[in-house]
Amino acid sequence: MQCRKKQPITRSLIACVLSFSAVVGLSVSLMPTRVAASDTHPITISASGHGSRFLALGIGKSVVVDLPRDIKDVLVADPKVANAVIHSSQRAYIIGTQVGQTNVVFFDGDGQQIAAYDIAVKRDLNGVREALKQAVPNADVHVEGVGDGVVLTGTVATPVEAQQAADVATRLVGGSDKVVNSIVVKGRDQVMLKVTVAEVARSVIKQLGIDLSASLNYGNTVVTFNNSNPFTANNAPLVSGNALSGTFGSTPSVTATLRAMESAGVIHTLAEPTLTAISGESATFIAGGEFPVPAGSTCQPTTGSNLIVQCQLSVAFKKFGISLNFTPVVLSEGRISLRVMTEVSELSNENAVNLNGITIPSIKTRRAETTLEIPSGGSMAMAGLIQDQTKQAINGMPGVDQLPILGQLFRSQDYVDNKTELVVLVTPYIVRAVAQKDLARPDDGFAPASDSQSALLARINRIYGVSGRVEQVAGCPCNFGFITD
């Protein structure tokens, strides 16, 4: 087949190729073939035979159809979707007007079918493509129309670029329900997060109290005196039963009890959980345990002549320990958007509850949750706490407890001072997979002692902690995964 020379010069070589392909396809089989209309300029196609061909058009776009015989009649199933305009006896224009599907059939003077087209009208995607090129210039994103929506395909470097492309398409199309995001993120980064929770708590408690009791017999009358001064700042004496008593005289008698105690303590807490996750995914780390607490009881009556109700106590478990949860998103040039939640909890008897002879401890918790942006390898203090609590209480007999010097015999006083300093540091690293030889295990370098070394020299191991065993991973200047002496 040859292109006719009488065709205008504006018809490109593509029209000839399409016409040749259409004729060959119809001569072999009558199966439908697909023809896609350009979104920039109308194209010219030639038709022959009775096979139905698929034609995709954009809204407001057109295609020129050259027919082998003169056109007498044309049938458009849905004129609202597409319109067919006959320009000459063998040329027609098909114009897309609305999103949808229809078909166009051309007939000659004898009523025989010349050609048939299945038309699919979609959105004009030129504006979406240009906007995506400006929003993500370094990405390879393709846009295809499906009915009233669009499908995004291709590859991008980071999840942020994929989200930006989806946001731009959603804004231009008119809703997220009309956008199918099938963009593939190539080379997804992995982020290792190192969290350091350091806490130092200091406590000083001082207690000093004197209790007096006296007994006087006068005839048949007995006069007694008892002055007991409890410690209220700490809710109880440091050591129960701590007393130094002395009795003066037999009858009448005076008993003096001296209670004095001083306590000082320091608590150091250091937790360094480390976790790795893919950019955009969440990771959770928990190291701790669970303790039982009563959660209610279930009572059931027993069968028999005597009505007896038996109750069974149910138990629930509460978690405590060290937990870490974070979601990293690698932005660009090594910057990381990080949502992190860390918690360090431990059992405490300060606010314990005694229920039917069962002591239920309380949980002392330090928790921090935030979202921040930080470069790879950079550190930031996510949370800091300095707490100073001082309590002092004096209990005594009114009037005489205010006497100079002698008033100390009729009162007790205790002093409590608690200081807490807490810092939570966060350091993320963009990491890659490493060889197994570059990683360390907790038992690296460990060798148990022999029987003679254990019995004669009291050694529990021969070698432990070989220096220089582990190389730095992702620029992290730290040893992790084992204990160093």
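Owing to the predicted nature of the structure, the values given are computational and were not obtained by experimental measurement. (Residues numbered from 1 in each chain as written. Predicted model: local features only at pLDDT ≥ 70, side-chain atom pairs only at ≥ 80, totals over all residues. Heavy atoms only, no water.)

Visitor: When you look at the side chain of Ser345 in this model, what are you seeing that I'm missing?
Guide: If you trace the backbone, Ser345 turns up in strand E21 (residues 335-355). The contacts of Ser345, once residues within four sequence positions are left out, are Lys319, Phe320, Gly321, Ile363, Lys364 and Thr365. (Helix = DSSP H or I, 4+ residues; strand = E, 2+ residues; numbered from the N terminus. Contact = heavy atoms within 4.5 Å.)

Visitor: Would you take a moment to explain the packing of aromatic side chains for this structure?
Guide: Each pair of aromatic rings is reported with the distance of its centres and the angle of its planes. Counted by the stated rule, this structure contains two aromatic pairs. Here Phe106 and Tyr117 contribute two aromatic rings whose centre-to-centre distance is 6.3 Å and whose plane-to-plane angle is 80°, an arrangement assigned as edge-to-face. Taken as a pair, Phe106 in strand E8 (residues 100-107) and Tyr117 in strand E9 (residues 113-122) lie far apart in primary sequence, 11 residues in all. Take Phe106 and Tyr117: they sit in the same class, and that class is buried. (Phe/Tyr/Trp six-rings, centres within 6.5 Å; stacked < 30°, edge-to-face > 60°. Buried < 20%, exposed > 50% of the residue type's maximum accessible area, 1.4 Å probe, protein only.)

Visitor: What is the right way to read the pairing of strand E22 (residues 358-375) from this model?
Guide: Regular strands have side chains that alternate between both faces of the sheet. Here 17 bridges tie E21 to E22, and the two strands are oriented antiparallel to one another. Residue pairing in the sheet places Leu355 in a bridge with Ile358 of E22. Two successive antiparallel strands, E21 and E22, enclose a turn made up of two residues, where Asn356 displays a positive phi of approximately 55°. (Pairing = 2+ DSSP bridges.)

Visitor: Just to check I follow, could you spell out the nonpolar core for this structure?
Guide: The nonpolar side chains of soluble globular proteins are, as a tendency, buried together. Counting residues in each nonpolar core, the largest one holds 23 residues, and the members touching the most others are Leu193, Val195, Val197, Phe326, Leu338, Val340 and Met382. Elements supplying a minimum of two residues to this core: strand E14 (190-218), strand E18 (274-278), strand E20 (309-330), E21, E22 and strand E24 (411-431). Setting aside anything within four residues of it in sequence, one finds Phe326 in contact with Val191, Leu193, Leu275, Thr276, Ala277, Glu281, Ser282, Ala283, Leu338, Arg339 and Val340. Counting 19 residues, the second largest nonpolar core, distinct from the first, contains Leu57, Val65, Phe106 and Val121. (Core = buried A, V, L, I, M, F, W, Y, C linked by side-chain atoms within 4.5 Å.)

Visitor: I tried to follow a nonpolar patch on the surface on my own but got confused; where do I start?
Guide: Taken together, the side chains of Leu313, Val315, Phe317 and Ile358 present a nonpolar region at the surface, about 370 Å² in accessible area. Here the nonpolar patch takes three residues from E20, the largest share from any one element. Tracing the chain through its elements places Phe317 in strand E20. Judged by relative accessible area, Phe317 falls into the exposed class, the value being 52%. (Patch = residues over 30% accessible without salt bridge, like charges linked within 9 Å, V, L, I, M, F, W, Y side chains within 5 Å. Areas by Shrake-Rupley, 256 points an atom, 1.4 Å probe, with all protein chains shown as cover. Salt bridge = Lys/Arg side-chain N within 4 Å of Asp/Glu carboxyl O.)

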